[in-house]
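Topology and contacts: notes
Here is how the chains run, residue by residue.
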Amino acid sequence: MEATTFVLFGATGDLARRKIYPALYNLYLDHKLHHSFSVIGLGRREVADEAFQAMVERSIRDFSRREVNDSASVRGFLKAFRYNVLDVGHTEDYLKLLQRVEQLEADMGSSPNRMFYLSVGPEFFEPIALNIKESGLGAAKGWKRLVIEKPFGHDLQSAQELNLKLSEAFTEDEIFRIDHYLGKPMVQELDVFQQTNPVLHALWNNRYIANVQITAGETVGVEERAGYYDHVGALRDMFQNHMLQLLMMLAIRLPKDSTADEVRFKKKEVMESLEPLEEADVQFNVIRGQYTAGTIQGKPALGYTAEPGIPADSQNDTFIAARLQIDDPFWKGVPFYIRTGKRMKEKSTRIVIEFKEPLKQNSSAAEDDIPNLLVFEISPNEGITLQLKARDPQHKGKFKAMHIDFHTSSIEVPEAYENLIYDALHGDPSFFAHWNEVELSWKWVQPILNAFAKNSVPLYHYAAGTFGPAESDQLLAENGHHWWLDSAVDEESELALPVASNF
Ligand SMILES: NC(=O)C1=CN([C@@H]2O[C@H](COP(=O)(O)OP(=O)(O)OC[C@H]3O[C@@H](n4cnc5c(N)ncnc54)[C@H](OP(=O)(O)O)[C@@H]3O)[C@@H](O)[C@H]2O)C=CC1
Ligand SMILES: O=C1O[C@H](COP(=O)(O)O)[C@@H](O)[C@H](O)[C@H]1O
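The written sequence of each chain sets the order in which its residues are numbered from 1. Whichever chain is written first is A, and whichever ligand is written first is 1; the rest continue in order. Whole-chain, interface and lining totals are the exception, using all residues; otherwise, since this is a predicted model, local features are given only for residues with pLDDT of at least 70 and side-chain atom pairs are given and counted only at 80 or more. As a rule here, side-chain values come from all non-hydrogen atoms in the structure, and water together with hydrogens is ignored.

In the nomenclature of an unreviewed UniProt entry, the chain corresponds to Glucose-6-phosphate 1-dehydrogenase from the organism Paenibacillus sonchi. UniProt positions are given in the numbering used here, feature names are shortened, and annotations may be inferred rather than shown by experiment. As stated in UniProt under Catalytic activity (unreviewed entry), the record for the chain gives "D-glucose 6-phosphate + NADP(+) = 6-phospho-D-glucono-1,5-lactone + NADPH + H(+)".

This is the structure in C-alpha cells:
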C-alpha cells in the first residue's frame, strides 16, 4: 500500500463516527495502513485538531468491534488525524485545503495520493467533485480516488445526471461507489464458494435449484431519519442497491481467479439478463407494504404513520417483496424472491437456496415440509447451514431436517467498512458498484417507482414484529414456494435454524 492522504468530507457526521473511524482503527491495528497514512477531516463547524482527535477517540471507544485498551496504539492512531473547516459551497475553503494537504504531504515526504471520501448528503456530491477539480486538489502527480456514499441518485434520470457530473472530475476507474452490503464478509465469499467448491459449482443452476430467497429484515423503524426515509422508502433505501447487489453476487458465474473487471462484467450481464418488469405487471410481482403498530421482541412499536415526522397519510413503502427472473441459460425458470423491510420480526440478512427435489411430486405432504436448503447467513450473524432431508430414526417412515453448520464469531470478522476502505486504499474496485450496475439497477426499478408514485399498486399493511404482509407469502405460494426459515424464530418449528454453539 502507498502513502495516502484520506480527505474526509463529513468528518463530524454520524457515518464517520459509527463506521469510518472504527474501520480505520481496526485496519491500523491489523497493520493494514501505510505508516505515512493521514486523515484530514472536514466540516463547517470549527474544530481544533486536538478536539477532532478526541472525537475520533470517542468514536473508536464507542463503536470499534475490538476493545480499545492499548493507549499507545490509540495515540499512534490518532496522530494521523487533522481537521480543516470547509463549507462545501465555499471555493476558497478548497484552496485552503489544498495548501494544508500539500504541506502535510511535504512534511511526511509522501507522494500526493489522495482519497476523497464523501460522507455527506447526496446534494453535495456534485459540487464537491467539481470543486476538487477546479481547486487543483485533484491535479497532483499521484493517484486520486473518489469514494462516494449512497444514495447514488433518486431515480434513473437523477443517477445519470449525477454520474455525468462526477465524470467531469473523475474517471470511472477513480470512482468507488460504496454499497456496504458488498463489504460484508459473507457476501465477499459468495463467488469464491461457487467458483472453488466443485459441489456448489455443479449445483449452481436451474437444473438443481428451485428458487432463491434473499431477505434483509430489520427490527428498527425509521429511527431519526423520517425526513429522509419518507421520501425514499424501502425500494430506494435497500432494494435498488443492497438487494440487487446481493442478487448479482449470488447469480454471477465466474471463472476461477477472476479479475475485478471480470467480476463487474459478469454482474452487468446478470443485470442485463434480468427480465424487465412492465409498469402494468408491477402489481403481480411486487408487494408494497407499510408497518402498523405491533410488538417487537416483547416491546410495543408504533405504526409507521404514528412515527415522529411521518405524515399521517403517508403511502411510503417500509417493506417490499418482489419476484424476479433471470433470463440466461443458468437461471431461466428459477424465481429469485427478494424482500426487505423495517420493523420486521428479526434483524437478519440471509440468502436461502432451495434445491429441487426430484421425487417431490410423488411424496406425501408431510415430507414436502422438509426442503433441502443452503442458507447463507450474512448479518448480523455469519454462517452457512446446509439443511438436508433425512430419515427420522425415532419415527419410522417419517423424515426430519438434518443441519450441517458453520458459524463465525463477530469479533473475528472484519466490518464491511474495513473491507471496503482497505480495498479503496489499494485501488481494488471488485466490491464497489460500477456505474453500469447502478444504472441497470435503476432501470429495472424505475417501473416500480412509477407504479408506486401513481399508487397503482396496493399498499398492504403488516403489524410491526411480523415478516411483512400476508400477500408476500402469497407471491411465493403462486409458484408453489414458501419463505423458508421465517419459522427460525418459532421454537416449535421443525425447521428451526440451529443456534451456533460458538457464537
Ligand atoms: N449514517 C449512516 O449510517 C449512513 C449514512 N450514509 C450516507 O452517508 C452520508 C453521510 O451521512 P451521515 O453521516 O449520517 O450524515 P450526518 O448528517 O450525520 O453528517 C453530515 C456531515 O456533513 C457535514 N456537512 C453538512 N453540511 C455541510 C456543508 N455545507 N459543508 C461541509 N460539510 C457539511 C456535517 O458537518 P458540519 O455540520 O460540521 O458541516 C457532517 O459532518 C449520506 O450521504 C448518507 O446517505 C450511508 C449509509 C449509512
Ligand atoms: O443502507 C442502509 O442499510 C441499513 C441496514 O444495514 P445493515 O448493515 O444493518 O443490514 C438500513 O438500516 C438503512 O435504512 C439503509 O439506509
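Once the charged atoms of two side chains with opposite charge are near each other, the side chains can pair. Between Lys or Arg on one side and Asp or Glu on the other, a salt bridge is scored when a side-chain nitrogen of the former is within 4 Å of a carboxyl oxygen of the latter. Enumeration over the complete set of coordinates arrives at 25 salt bridges. The partner of Asp30 in a salt bridge is Arg66, and the shortest N-O contact between them spans 2.7 Å. Of this pair, Asp30 sits in the loop between α1 (14-29) and β2 (38-43) while Arg66 is found in the loop between α2 (49-63) and α3 (71-78), placing the two residues 36 residues apart along the sequence. The exposure class assigned to Asp30 is partly exposed, which follows from its relative accessible area of 27%. Relative accessibility thresholds used throughout: buried, under 20% of the residue-type maximum; exposed, over 50%; partly exposed, between the two (1.4 Å probe, protein chains only). For Arg66, a relative accessible area of 25% puts it in the partly exposed group. Overlapping salt bridges bring together Asp30, Arg65, Arg66 and Glu418 as one network. Think of it this way: any DSSP run of H or I at least four residues long counts as a helix, any run of E at least two long counts as a strand, and we number them from the N terminus.

All right, on to the site of ligand 2 then. Around ligand 2, the structure places Lys150, His180, Tyr181, Lys184, Glu218, Arg225, Asp237, Met238, His242, Lys342 and Lys347. Contacts described as polar in this section are N or O atom pairs within 3.5 Å, which, within protein, must combine one atom able to donate a hydrogen with one able to accept it, while residues neighboring in sequence count only if both atoms come from side chains. One of the side-chain nitrogen or oxygen atoms of His180 is found 2.8 Å away from an oxygen atom of ligand 2. Contact between ligand 2 and Tyr181: an oxygen atom at 2.5 Å from a side-chain N or O atom of the residue. A total of 400 Å² of accessible area belongs to ligand 2 in isolation, and the protein chains cover 81% of it. Here the shell around ligand 2 is composed, by residue class, of 2 nonpolar, 2 polar and 7 charged. The rule for a residue being near a molecule or strand is that one of its heavy atoms must lie within 4 Å of it. Accessible areas in this description were obtained via Shrake-Rupley with a 1.4 Å probe; residue shielding takes into account the shown protein chains only. Lys, Arg, Asp and Glu make up the charged group, whereas Ala, Val, Leu, Ile, Met, Phe, Trp, Tyr, Cys and Pro make up the nonpolar group; the residues left over, Gly among them, are polar.

Along α3, the residues classified as buried are Ser73, Val74, Phe77 and Leu78. Projection of α3 onto a plane perpendicular to its axis shows the buried side chains occupying an angular sector of 125 degrees, all on one side. Where α3 begins, the side chain of Asp70 points an oxygen toward the backbone nitrogen of Ala72, at a separation of 3.1 Å. The arc in question is formed by the directions pointing from the helix axis toward the C-beta atoms.

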